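# Survey of secondary and tertiary structure
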Amino acid sequence: MSVVLPNSINYTEALPSLPDNTQQIPVVASPVNGSSFTSGAQIQFDLLNRGFLIPDSMYLRYTTTVTNTGAFQVYQIGCPVYNPFTRLDVQIGSQTVDTIQSYNVLMNMLTNLTLDVGQKYGLQAGFGYLNNTSVPTLEQLDARDLGAVATTQSYSLGGPLMSILSNSEKLIPLFAIPQIRIVLTMDAIANCFNIATGGAVTAFTITNCELVYKVCDMGGQIEDMVRSMGDKIYIKSQSFSCASQTLGSGSTGYNELVFNQRYASVKSLYAINGGTTIGANKAFDSTDITTNNGDYSFSVGGVIYPQRPISSLVNRAGALMELKSATGSIYDKSNAFSINAVEYASVSATVTTAQAMGKFYIGTSTEKLNSDSLLTGISTQNSPISYRVSLGTATGQAHLITLVANYDALIEVDTVNRQVAVKC
């Protein structure tokens, strides 16, 4: 009988080693199109064309300057570090391979669905919650309090920059592809701030903006080995797509909102039921638009997800567990939220505050199997995605509904012609 040693005492196992000339290059990229940016402006970064990009090393840092001209309360709503950016584009060569609309709204949701309150507390100085002078309570880990005085304030922010690049499961071979450009588009002042009646934010500027990432250069011999792996190599990644529609005030009964998002592998779906006229957070809020008297579901390729609609009338707590399944395993202790009972209880007519946002997000997993397989999600069958809402009680305001699709993306690198295509 042969004996198989456990890995813990198998000292003959060969370990991979890096080439002797491997070097890590820390890169700090400044915008190529200016140094000061205001509402509506684009911020453009060009990446290096050497070595391998380390995907999870990419983050953004910058200084924000806000001028409030009246003695009226002002909040920068949502997650402050992402608040200014309404759109992110990733361009490779002359081709746009990843576009995320409503980037600030998406990242505010993901921050609340992937970080617990302890993690948000520890990141307060970088993400910008509350201010730099007061010790926050757990309820003050949303928005930035700019006070109620006429003043100009400057503060530094920094956080991870999520995109199809940072979500890659392997290093990105920068040497084998055309120039990569990342473009961030700034949102309008009216969408970024909650301003008390009579107040005004007259200036909102970003300066000292830098994109930080790391490149691993292993030398020409390793790069030649990568090129010899085939005319085309494939890198698995994932990204998010956002689309929005308005559901009118006073809506009732059955409503089906159709979103033109078509993908080969959708892993999970989310709906952000944003506000328009009631509450402090506009599109950043997400409330129960059925007012505890209805249900929600998604239609993808003619199939309803989940099988039984998510009911806010029969089992409101079940909606939270279904949302947890959309972000990972419900048994994973690290799959944590930052949503308290008050935030989760928000309904259509709730007057939310900047520091007690509405966080009644609707979500469900559409993944066939959580594994390392190539495409684990479901296909939309080249059809749009529908968000179905049954309203037993009329909506108390108009709602800006943002549908978020988390999808698999396959980056195809043509090493011969130095071209890139993304299949999703």
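Report follows, based on the coordinates.

Rules and cut-offs
Residues numbered from 1 in each chain as written. Predicted model: local features only at pLDDT ≥ 70, side-chain atom pairs only at ≥ 80, totals over all residues. Heavy atoms only, no water. Helix = DSSP H or I, 4+ residues; strand = E, 2+ residues; numbered from the N terminus. Rg over C-alpha atoms; globule rule 2.2 N^0.38 Å. Buried < 20%, exposed > 50% of the residue type's maximum accessible area, 1.4 Å probe, protein only. Contact = heavy atoms within 4.5 Å. Areas by Shrake-Rupley, 256 points an atom, 1.4 Å probe, with all protein chains shown as cover. Lys, Arg positive; Asp, Glu negative; His and termini not counted. Charge placed at Lys NZ, Arg CZ, Asp CG, Glu CD. Phe/Tyr/Trp six-rings, centres within 6.5 Å; stacked < 30°, edge-to-face > 60°. Pairing = 2+ DSSP bridges. Axes fitted to C-alpha atoms, helices over the stretch in contact; angles between N-to-C directions.

The next subject is the overall build of the protein. Scanning the protein for helices and strands turns up seven helices and 22 strands. For the protein, the C-alpha radius of gyration of 23 Å lies close to 22 Å, the compact-globule estimate for 424 residues. Each of the three principal axes of the protein carries a C-alpha extent, and together these read 65 × 55 × 45 Å. Put simply, the protein has 424 residues, and 51% of those count as buried. Within the protein, contacts between residues at least 6 apart in sequence are counted, and of these 79% link residues at least 24 apart. As displayed, the protein has an accessible area near 18,300 Å², and 53% of this comes from carbon and sulfur atoms. Positive and negative side-chain charges in the protein, numbering 23 and 29 respectively, have mean positions lying 2 Å apart.

A separate point is the environment of Pro-16. With respect to the element layout, Pro-16 can be found in the segment before strand 1 (23-29). Taking relative accessible area as the criterion, Pro-16 reaches 80% and is therefore assigned exposed. When the C-alpha atoms of Pro-16 and Gly-219 are compared, they prove to be 17 Å apart, with 203 residues separating the residues in sequence.

With that settled, the discussion passes to the packing of aromatic side chains. Here the structure, examined in full by the defined rule, presents 11 aromatic pairs. Taken together, a centroid distance of 5.6 Å and an interplanar angle of 80° make the contact between Tyr-62 and Phe-85 edge-to-face. Here Phe-85 lies in strand 6 (residues 85-92) and Tyr-62 lies in strand 4 (residues 52-68), a separation of 23 residues in the sequence. Taken together, the ring pairs connect Tyr-296, Phe-298, Tyr-344, Phe-360 and Tyr-387 into an aromatic cluster.

In this section: the sheet that holds strand 6. Taken together, four strands build an open sheet; the order of strands is 3-11-6-7 and the sheet is antiparallel. Two strands lie at the open edges of the sheet, namely strand 3 (42-46) and strand 7 (95-101), each paired on one side alone. On average, adjacent strands in this sheet sit at an angle of 15° to one another, irrespective of strand direction. Sheet analysis places strand 3 next to strand 11 (residues 180-186), joined by five bridges and oriented antiparallel. Pairing of Ile-43 across the sheet is with Leu-184, part of strand 11. Of the strands in this sheet, strand 6 and strand 7 are in contact with helix 1 (residues 103-114), which crosses strand 6 at around 100°.

Burial of strand 16 (residues 266-274) is extensive: nine of the nine residues sit out of reach of the surface. Bridging between strand 16 and strand 21 (residues 399-414) involves eight bridges; their strand directions are antiparallel. Bridged to Ser-268 within strand 21 is Asn-406. Pairing of strand 16 with strand 19 (residues 362-365), which is carried by four bridges, proceeds in the antiparallel orientation. In the strand pairing of strand 19, Ser-268 is matched with Ser-365.

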